[in-house]
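Observations on the three-dimensional arrangement
For reference, the chains in residue letters:
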Amino acid sequence: MSLTALLLIGAGSIAVLLFLIIYLKLNATISLIVVSAGTALAAGTQMSGLLNLLIDSFSGTVGKLAIIIGFGAIFGRLLEQSGGAEVLAETMLRVFGKKRAPLALSVASLLFGFPIFFDAGLLVMFPIIFNVARRLNGPVLLYALPAAGAFQVMHGLMPPHPGPVAAASVAGVNLGMVFLMGAVVAIPVWYLAGYRFALFMARRFNIEVPTILGTQDPSERELPGKAPSFGAVIGLLLLPIVLIAGNTITSTLQSSGVIAESALWAQIVRFLGETPIALVIAVLASLLVLGYARRVPWDNLTRIVDKGFMPVASIIMVAGAGGMFGGVLRETGIGDALATVLDSAGLPLIASAYLISVALRVAQGSATVAITTTAGLLGPAMIASAASPAQLGLVIVAMGAGSFFASHVNDSGFWLVGGLLQLDTATNLRLWTVFTSVISLMAFAVAALLYVVV
C-alpha cells in the first residue's frame, strides 16, 4: 500500500478504538481485539494469516508480562496483607516526614528503577505507595505519579534498560557514553517533569486509593498476626532488585567481553535475575517469611495466592490486547511508513532521532521497537556524521526520549498503569498520556541543548 493509505489506516484505527472505548463504553479488551482485526484486514493482511498475526502479537506481549504482573501482584498483596507495607510506610514517614513523602517515594523509585524494569518496579512499589496514601489520607496520585515518573525516566533514558542498550548496539555508539549522557539528562528531567510536574498533575485528579491489593484494616488482613520486622520487609523488597541487578551487571560485562559468554556461573546469575524469575523467587521467599514463619497454614496461603491472581487477570488481558494492536500496526508497516516520511524530511540528526522514535512509538506502542528501529534507520547517518562521541550518545538518549512519548491505547504499559490505579480509559488518556508526553518533551529539550553545547 502507499504511505498515505497506511497512515490513514493507522490514524483511523486509533480513532475507532477510542470511539468504541470512550463513547460506546465497550470493554477495552474486546475493542482492542476487534480493531486489531479490522486494521490488519484493511492494511492487506490475508484472512488465512489473520488469526496467527493476532495470536502471535497477543502472546508476544503477554509471555513475560503475565508472569511479571501476576507474581508482582502476589508479592505486593503479601506485603500489604501481612502489614509489611504498613511497616515500611511508617518508617518512611518517620524518617522523611509527611511533607517529603512524595519526594522520598520518587527518589526510592529512581534508585530502584536503575536495575528494575518499569512494570516490575510499579508492582513492587505500589503497595507501599497505597499504604502511605491511606495513612496520610491524601490523594493517591500525589505519591504514585512521582514514583511512576521516576521509573519511566530511568526505563526510557538509561542503560541497562533494553531500549537504550539495543539502540547503542544497532547504531554502533559507545554504551558507556550513552550511560553518561543518559544520566546527565535523566536527573534534571526526573526532577522537573517526573517529580515537579507529577505533583502538579496529581492535584488535578481526584482518584481514590485502589483496593486491588486488598485493605489496610488489620482486622481484615488475610495474613493476621504481628506485622513483620522492618529488616525482614526490606530484605524481601531488595531480593528481586538484587537478583535483577545481578542479571544487568553480568549481561553488561559479558557484552563488553569482561566475562565469557560461556561462564556457567554467569548464566545462572542471569537466569535468576530475569525479571519473571526474580519475582517468582521473591513470592516464594515471601510465602516462607510472611506466611509459614508466622504459622499461617499452607491452605490459607494458597487461597491468598489464588485471590491475588484474580484482580489482575483483567489487566493481563487488556495489556495483551494492547500489545496485539501494537503488533498489528507494526507488522502491517504503518509504523515504518511514519518513520520513512520523517527520515526524508532532512532535519538535524538529533531532531530526526527524536521525531522518528516518537512516530514509531505513537504508531505501534512498543518503546523498544521504536528506539531500535530508529537506530537502524539513522545508524548509517550517525556513522557518517561529524558528531562527537558525546553528541552521538545524546542522539541515542533523544531516541529513548521519543520512545515513551504519549503512552496510549496501543501500549501495554498504558493499561498496566490504568489497571493498577483503577482508572477509566478517558481519565488515563488525560493523565498518563499527557504525563509521559511532558517527560518525553523535557528529555528531548535537555538532550538537544546539551547537543549544541558539547
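Procedures and definitions
- Within any chain, residue numbers begin from 1 and follow the written order of that chain's sequence.
- Where totals are concerned, whole chains, interfaces and linings use all residues; where local detail is concerned, this predicted model gives features only for residues with pLDDT of at least 70, and gives and counts side-chain atom pairs only at 80 or more.
- To obtain the side-chain values, all non-hydrogen atoms of the structure were included, while hydrogens and water were left out.
- In this text, helices come from DSSP runs of H or I with a minimum length of four residues, and strands from runs of E with a minimum of two, each type numbered from the N-terminal end.
- Helices are assigned an expected span. That span is 1.5 Å times one less than the residue count.
- Angles run from 0 to 180 degrees between N-to-C directions of axes, and those axes are lines fitted to C-alpha atoms, restricted for helices to the stretch in contact.
- Comment on the angle field: the value is read as roughly parallel under 35 degrees, roughly antiparallel over 145, roughly perpendicular from 65 to 115, and oblique elsewhere.
- Each helix crossing is assigned a hand: it is left-handed if the near helix lies turned anticlockwise from the far helix by less than a right angle, otherwise right-handed if that turn is clockwise.
- Contacts between residues were defined by any pair of non-hydrogen atoms, one from each residue, lying within 4.5 Å.
- Residues are called lining when one of their atoms sits within 4 Å of a cavity or pocket point, these points coming from a 1 Å grid over the protein atoms alone, where a cavity is a set in which a 1.4 Å probe fits but cannot get out and a pocket is an open set with protein on both sides within 12 Å along at least five of seven lines.
- Grid points are joined across faces, edges and corners, and a volume is the space filled by probe spheres set on the points.
- By nonpolar core we mean a set of buried residues, namely Ala, Val, Leu, Ile, Met, Phe, Trp, Tyr and Cys, connected to one another through side-chain atoms within 4.5 Å.
- Exposure classes here rest on a 1.4 Å probe applied to the protein chains alone. A residue is buried below 20% of its type maximum, exposed above 50%, and partly exposed in between.
- For a residue, the bend is simply the angle between two axes, fitted respectively to the seven-residue segment ending there and the seven-residue segment starting there.
- Per-residue confidence from the prediction method is given by pLDDT, with values spanning 0 to 100.
- Any pair of Phe, Tyr and Trp rings, taking the six-membered ring for Trp, is counted once the centres come within 6.5 Å. Such a pair is stacked with planes under 30 degrees apart, edge-to-face with planes over 60 apart, and tilted for the rest.
- Each salt bridge in this description consists of a side-chain nitrogen of Lys or Arg and a carboxyl oxygen of Asp or Glu lying within 4 Å of one another.
- Note on residue classes: Ala, Val, Leu, Ile, Met, Phe, Trp, Tyr, Cys and Pro are nonpolar, Asp, Glu, Lys and Arg are charged, and everything else, Gly too, is polar.

1. Observations concerning helix H15 (residues 349-364)
Its 16 residues give H15 an end-to-end C-alpha distance of 22 Å, which sits within 8% of 22 Å, the value for a rise of 1.5 Å per residue. With its phi angle positive at about 95°, Gly365 sits one or two positions after the end of H15.

2. Notes on the packing of helix H3 (residues 47-82) against helix H12 (residues 275-291)
Two elements in contact, H3 and H12, have axes whose closest approach is 9 Å; the angle formed by their N-to-C orientations is 25°. Classified by the interaxial angle, the pair formed by H3 and H12 is roughly parallel. Two packed elements cross with a definite hand, and for H3 against H12 that hand is left-handed. Between H3 and H12, the residues in contact are Lys64, Ile67, Ile68, Phe71, Gly72, Ile74, Phe75, Leu78, Leu79 and Ser82 and Thr275, Pro276, Leu279, Val280, Ala282, Val283, Ser286, Leu287 and Leu290, respectively.

3. A look at the layout of surface pockets
A volume near 390 Å³ is recorded for the second largest pocket. Contributing to the lining of the second largest pocket are 20 residues, with Ala28, Trp415, Leu423, Asp424 and Thr425 lying nearest its centre. For the lining of the second largest pocket, the secondary-structure elements that each account for two or more residues are helix H1 (3-23), helix H2 (28-42), helix H13 (298-331), helix H18 (412-421) and helix H19 (425-453). At four residues, H18 tops the list of elements feeding residues into the lining of the second largest pocket.

4. Thoughts on the nonpolar core
Core analysis: the largest hydrophobic core is formed by 155 residues, its most contacted members being Leu122, Ile129, Leu157, Val185, Met382 and Met399. Those residues in contact with Leu122 that lie beyond four places of it in its chain are Ala148, Phe151, Leu416, Val417 and Leu420.

5. A short note on the environment of Gly327
In this fold, Gly327 is placed in helix H13. Residue Gly327 is classed as buried on the basis of its relative accessible area, which comes to 0%.

6. Here's the deal with the environment of Val233
Along the polypeptide, Val233 turns up in helix H10 (residues 230-255). Judged by its relative accessible area of 0%, Val233 is buried. Separated by 43 residues in the primary sequence, Val233 and Pro276 have C-alpha atoms spaced 20 Å apart. Look past the residues within four positions of Val233 in its chain and what remains in contact with it is Leu79, Gly84, Leu88 and Pro228.

7. Quick notes on H10
In a regular helix each residue adds 1.5 Å, so 26 residues correspond to 38 Å; H10 covers 37 Å between its end C-alpha atoms and thus fits that length. Of all the bends in H10, the greatest, near 30°, is centred on Leu238, and the proline Pro240 appears no more than four residues after it.

8. With respect to the packing of H2 against H3
Packing of H2 against H3 leaves a shortest axis separation of 10 Å and a crossing angle of 135°. One way to sum up the angle between H2 and H3 is to call them oblique. Our pair here, H2 against H3, has a crossing hand that is right-handed. Here Ser36, Ala37, Ala40 and Leu41 of H2 come into contact with H3, specifically with Met47, Leu50, Leu53 and Leu54.

9. Overview of the confidence of the model for the protein chain
In this model, the protein chain carries a mean pLDDT of 84, and residues with pLDDT of at least 70 account for 95%. Mean pLDDT in the protein chain bottoms out at helix H14 (residues 334-343), which sits at 70, and peaks at H19, which reaches 95.

10. A short note on the packing of aromatic side chains
Taken as a whole and judged by the stated rule, the model has twelve aromatic pairs. Between the aromatic rings of Phe126 and Phe130, the centroid separation amounts to 5.4 Å while the plane-to-plane angle is 55°, which identifies the pairing as tilted. Here Phe126 and its partner Phe130 are both found in helix H6 (residues 118-136), four residues apart, which amounts to about one turn of the helix. On the basis of relative accessibility, which here comes to 3%, the residue Phe126 falls in the buried class. Following the ring pairs from residue to residue traces out a cluster consisting of Phe118, Phe197, Phe200, Trp432 and Phe435.

11. A closer look at the pattern of salt bridges
For side chains of opposite charge, pairing can occur when their charged atoms come near one another. In this structure the tally under the stated criterion is two salt bridges. Between Arg270 and Glu261 there is a salt bridge, and its shortest N-O distance comes to 4.0 Å. Close ionic contact of Asp411 with Arg361 constitutes a salt bridge, the shortest N to O distance being 2.9 Å. Of this pair, Asp411 sits in the loop between helix H17 (389-402) and H18 while Arg361 sits in helix H15; the two residues are 50 residues apart in sequence, bridging distant segments of the chain. For the pair Asp411 and Arg361, a shared accessibility class is recorded, and that class is buried.

12. Details of empty space enclosed by the protein
By the definition in use, this model includes one cavity of 30 Å³ or more. The calculated volume of the largest cavity comes to roughly 60 Å³. Along the walls of the largest cavity sit Gln152, His155, Gly156, Pro162, Gly163, Pro164, Ala367, Thr368, Ile371, Ser403 and Phe404, which together make up its complete lining. Looking at the lining of the largest cavity, the elements with two or more residues in it are helix H7 (141-157), helix H8 (162-171) and helix H16 (367-384). Of the residues assigned to the lining of the largest cavity, the class counts are five nonpolar, six polar and no charged.

13. Some remarks on unusual backbone geometry
One non-glycine residue, Asn137, adopts positive backbone phi at about 55°. Within the element layout of this structure, Asn137 appears in the loop between H6 and H7. Asn137 gets classed as exposed once you look at its relative accessible area, which sits at 72%. Within the chain, Gln422 stands out as a residue other than glycine whose phi angle is a positive 55°. Mapped onto the secondary structure, Gln422 falls in the loop between H18 and H19. Assessed through its relative accessible area of 45%, Gln422 is described here as partly exposed.

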